[in-house]
Amino acid sequence: MKTLHELHRPLGSTGLRVSPLGLGTVKLGRDQGVKYPNGFTIPDDREAQMLLKLARDLGINLIDTAPAYGTSEERLGPLLRGQRHEWVIVSKVGEEFEGGQSRHDFSAEHTRLSVERSLKRLETDFIDLVLVHSDGNDLAVLNDSGVYQALAELKQQGKIRGYGFSGKTVEGGLLALREGDCAMVTYNLNEQSEKPVLDYAASHGKAILVKKALASGHVCLSPGVDPIQASFELLFAHPGVASAIVGTINPLHLAHNVATAAAVIRRQT
Ligand SMILES: NC(=O)c1ccc[n+]([C@@H]2O[C@H](COP(=O)([O-])OP(=O)(O)OC[C@H]3O[C@@H](n4cnc5c(N)ncnc54)[C@H](OP(=O)(O)O)[C@@H]3O)[C@@H](O)[C@H]2O)c1
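Just so we're clear, the structure is a prediction, and the values are computed from it rather than from any experiment. (Residues numbered from 1 in each chain as written. Predicted model: local features only at pLDDT ≥ 70, side-chain atom pairs only at ≥ 80, totals over all residues. Heavy atoms only, no water.)

Peer 1: Report on the overall build of the protein chain, specifying residues and quantitative values.
Peer 2: Along the protein chain, the regular secondary structure elements total 10 helices and 12 strands. Rg of the C-alpha trace for the protein chain: 17 Å, near the compact-globule value of 18 Å for 269 residues, within the 12% margin. Dimensions of the protein chain, computed from the C-alpha atoms along their principal axes, are close to 50 × 40 × 35 Å. With 269 residues in all, the protein chain has 54% of them scored as buried. When contacts within the protein chain are restricted to residue pairs at least 6 apart in sequence, long-range pairs at least 24 apart make up 74% of them. Summed over its atoms, the accessible surface of the protein chain is roughly 11,800 Å², and 51% of this surface lies on carbon and sulfur atoms. Measuring between centres, the 29 positive side-chain charges of the protein chain sit 4 Å from its 31 negative side-chain charges. (Helix = DSSP H or I, 4+ residues; strand = E, 2+ residues; numbered from the N terminus. Rg over C-alpha atoms; globule rule 2.2 N^0.38 Å. Buried < 20%, exposed > 50% of the residue type's maximum accessible area, 1.4 Å probe, protein only. Contact = heavy atoms within 4.5 Å. Areas by Shrake-Rupley, 256 points an atom, 1.4 Å probe, with all protein chains shown as cover. Lys, Arg positive; Asp, Glu negative; His and termini not counted. Charge placed at Lys NZ, Arg CZ, Asp CG, Glu CD.)

Shown next, in the form of structure tokens:
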């Protein structure tokens, strides 16, 4: 029986190999302005350390963070110290979260400053993948802001290995993939409107990371079939999906998600 370790796959054409499940880290750094069904307490360092160790032991090598996830990046730096080469780290640019409010800046200058700050916070000299944290005006962000050009230059300089876009529209996702390496899309049992972006990625060797794979936990409230299994059957049936980033701070949920993903992928291949 294959474990998650043996199911690592290419992240599009980036040259990176990732586990089919990644760990989302909103809940490691931010508890304001989030839309989860239940309240929660941000894990302390010991709990976060144990969660990361469990994720690694279970075969997860992909971790997703962002400046907009409160203290997530600055906590991950020390928490991942000594393990840099065992993780594929994804971070973002374009959204800041301060005093309980989001604001966006997609300028080239802010993009460079943001990546330099992420490098310091994450205690690393390269970030594997940086995504634009779109505000939903995807085409305007891509066409008018300078963010993609700045990311292309940072890639040339070796500070990031790849770049892409976390958007909200099909048009944005398609344009983002034409020029970049990866699109992060919402795709779950409740919301599949961005499927054409997955289709494009599959036929052009580009990477897809799925966000909100469990609809931010809302699918877990449905009675009947195991909602994790039903979600993963949908996601992993699509050949464009490289990995689903699932945010959990519950070790039992993490173990269940990994076992379910591995079983679903084994059955589908
Ligand atoms: N780029 C963007 O714009 C963007 C936007 C949203 C999210 N993201 C990324 O995607 C990640 C995931 O998105 P998300 O956190 O919004 O939603 P999600 O992964 O769809 O759902 C996370 C929620 O599901 C719950 N959950 C996970 N496994 C479960 C299980 N086995 N049983 C019951 N409940 C379970 C978690 O609660 P427990 O902690 O109790 O397990 C958590 O509240 C984020 O952490 C972030 O890294 C990116």
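Peer 1: Hey, could you go over the nonpolar core for me, with residue numbers and the actual values?
Peer 2: Among the nonpolar cores identified, the biggest contains 64 residues, and Leu21, Ile60, Val132, Leu151, Ile208, Phe232 and Phe236 are the most heavily contacted of them. In terms of residue count, helix H10 (residues 251-268) provides more of this core than any other element does, 6 residues in total. Among the nonpolar cores identified, the runner-up in size contains 14 residues, and Leu11, Leu16, Val90 and Leu129 belong to it. (Core = buried A, V, L, I, M, F, W, Y, C linked by side-chain atoms within 4.5 Å.)

Peer 1: Residues and numbers for the side chain of Ser118, please.
Peer 2: Checked against the element boundaries, Ser118 lands in helix H4 (residues 108-121). Here the side chain of Ser118 touches Glu73 through a polar contact of 2.6 Å, side chain to side chain. Leave out the neighbours within four places in its chain, and Ser118 touches Pro67, Glu73, Ser91, Lys92 and Ile127. (Polar contact = N/O pair within 3.5 Å; in protein donor to acceptor, adjacent residues only side chain to side chain.)

Peer 1: Outline empty space enclosed by the protein, supporting the account with residue identities and numerical values.
Peer 2: Counted according to the given criterion, the structure contains 1 cavity of 30 Å³ or more. For the largest cavity, the calculated volume is near 40 Å³. Lining the largest cavity, in full, are Phe165, Gly167, Lys168, Thr169, Gly173, Ala176, Ala183, Met184, Val185, Glu194 and Val197. A total of 3 residues in the lining of the largest cavity trace back to one element, the largest contributor, which is strand S10 (residues 182-186). For the lining of the largest cavity, the class distribution of residues is 6 nonpolar, 3 polar and 2 charged. (1 Å grid on protein atoms, 1.4 Å probe; cavity = no way out; pocket = protein on both sides within 12 Å on 5 of 7 lines; lining within 4 Å. Points joined across faces, edges and corners; volume = space filled by probe spheres on them. Nonpolar A, V, L, I, M, F, W, Y, C, P; charged D, E, K, R; others polar.)

Peer 1: Could you give an account of the pattern of salt bridges, naming the residues involved and the relevant values?
Peer 2: Inspection of the entire model under this criterion finds 15 salt bridges. Residue Arg84 is joined to Asp128 by a salt bridge in which the shortest nitrogen-to-oxygen separation is 2.9 Å. One end of the pair, Arg84, is in the loop between helix H3 (72-79) and strand S5 (88-93); the other, Asp128, is in strand S8 (residues 127-133), with 44 residues separating them in the sequence. Note on accessibility: Arg84 and Asp128 belong to one class, buried. Among the ionic pairs, Lys159 bridges to Glu116, the shortest N-O distance being 2.5 Å. In this pair, Lys159 sits in the loop between helix H6 (147-156) and strand S9 (160-166) while Glu116 sits in helix H4, placing the two residues 43 residues apart along the sequence. (Salt bridge = Lys/Arg side-chain N within 4 Å of Asp/Glu carboxyl O.)

Peer 1: How would you explain the layout of surface pockets if you had to name every residue and give the values?
Peer 2: Reported here for the largest pocket is a volume of approximately 1,400 Å³. What lines the largest pocket is a set of 48 residues, and nearest its centre among them are Val26, Lys35, Tyr36, Lys212 and Ser216. Elements with a contribution of two residues or more to the lining of the largest pocket: helix H1 (26-29), strand S7 (101-104), S10, strand S12 (241-247) and H10. Here the lining of the largest pocket is composed, by residue class, of 17 nonpolar, 21 polar and 10 charged.

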